[in-house]
Amino acid sequence: MFDVKNKKVTVLGLARSGVAAANVLYELGANVLVSDVKTKENLKGFVDQLTSRDIQVSAPGDQVHDIENSDLVILSPGIPLNIPAILEAKRKNITVF
């Protein structure tokens, strides 16, 4: 298991699974950023669930920039493995799960 306490973790994709992952990571002590290509207005219900817990939300996010300095990147289901952010994470040897 990857110890996430005090680690920078970026979750790509903000829907039910992204919110669930962000909440669990936050509870485990991670510094969590959730990034989605949709606007905050389109994701309002999800955004509200996270910002009340001091989880950062980048929407619409520059996902390549958002993964910078991450220790771990978590993908929501449906996020393709060949998007630029994932390719950059792999290039930088950032763990992608």
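Below is a summary of the structure that appears in this document. From a predicted model like this one, the values you see are computed outputs, not experimental measurements.

Once that is clear, we can look at unusual backbone geometry. Alanine 59 connects to proline 60 through a cis peptide bond whose omega is -5°. Summarising the element assignment, proline 60 is placed in the loop between strand 3 (56-58) and helix 3 (63-66). Despite not being glycine, asparagine 69 shows a phi value in the positive range, around 65°. Within the secondary structure, asparagine 69 sits in the loop between helix 3 and strand 4 (72-75).

Every buried residue belonging to helix 4 (residues 84-91) is among Ala85, Ile86, Glu88 and Ala89, and all of these are buried. The buried residues of helix 4 all sit within an arc of 160° when viewed along its axis, so they share a single face. Turned more than 90 degrees from where helix 4 packs its buried face, Pro84 and Arg91 sit exposed. Residues of helix 4 that are buried sit in contact with strand 1 (8-12), helix 3, strand 4 and strand 5 (95-96). Phi turns positive, to about 60°, at asparagine 93, one or two residues after helix 4.

Another point: the packing of helix 1 (residues 16-27) against helix 2 (residues 44-51). Two numbers describe a pair of packed helices, the interaxial angle and the distance between the axes. It is at 10 Å that the axes of helix 1 and helix 2 come closest, and there the two elements cross at 5°. Comparing the axis directions of helix 1 and helix 2 gives the class roughly parallel. Residues Arg16, Val19, Ala22 and Asn23 of helix 1 lie in contact with helix 2, whose contacting residues are Phe46, Gln49 and Leu50. Of the residues that constitute the contact of helix 1 with helix 2, the class distribution is four nonpolar, two polar and one charged.

Time to look at the pairing of strand 4. Burial along strand 4 is two-sided: Leu72 and Ile74 and Val73 and Leu75, pointing in opposite directions, are all buried. Across four bridges, the pairing between strand 1 and strand 4 is parallel. Residue leucine 12 lies in a different strand from strand 4, and its bridge partner there is leucine 75. Note on the crossover from strand 4 through helix 4 to strand 5: the handedness is right-handed.

Within strand 2 (residues 31-35), four of the five residues are buried, which leaves it mostly tucked inside the rest of the structure. In terms of strand pairing, strand 1 meets strand 2 through five bridges, oriented parallel. Its bridge partner being in strand 2, valine 9 is matched across the sheet by valine 32. Across three bridges, the pairing between strand 2 and strand 3 is parallel. By the bridge assignment, leucine 33 is partnered in strand 3 with glutamine 56. Read from strand 2 through helix 2 to strand 3, the crossover connection turns out right-handed.

Rules behind the numbers
- Residues numbered from 1 in each chain as written.
- Predicted model: local features only at pLDDT ≥ 70, side-chain atom pairs only at ≥ 80, totals over all residues.
- Heavy atoms only, no water.
- Helix = DSSP H or I, 4+ residues; strand = E, 2+ residues; numbered from the N terminus.
- Buried < 20%, exposed > 50% of the residue type's maximum accessible area, 1.4 Å probe, protein only.
- Arc of directions from axis to C-beta.
- Contact = heavy atoms within 4.5 Å.
- Axes fitted to C-alpha atoms, helices over the stretch in contact; angles between N-to-C directions.
- Parallel < 35°, antiparallel > 145°, perpendicular 65-115°, else oblique.
- Nonpolar A, V, L, I, M, F, W, Y, C, P; charged D, E, K, R; others polar.
- Pairing = 2+ DSSP bridges.
- Right-handed = clockwise from strand over helix to strand, strands pointing away.

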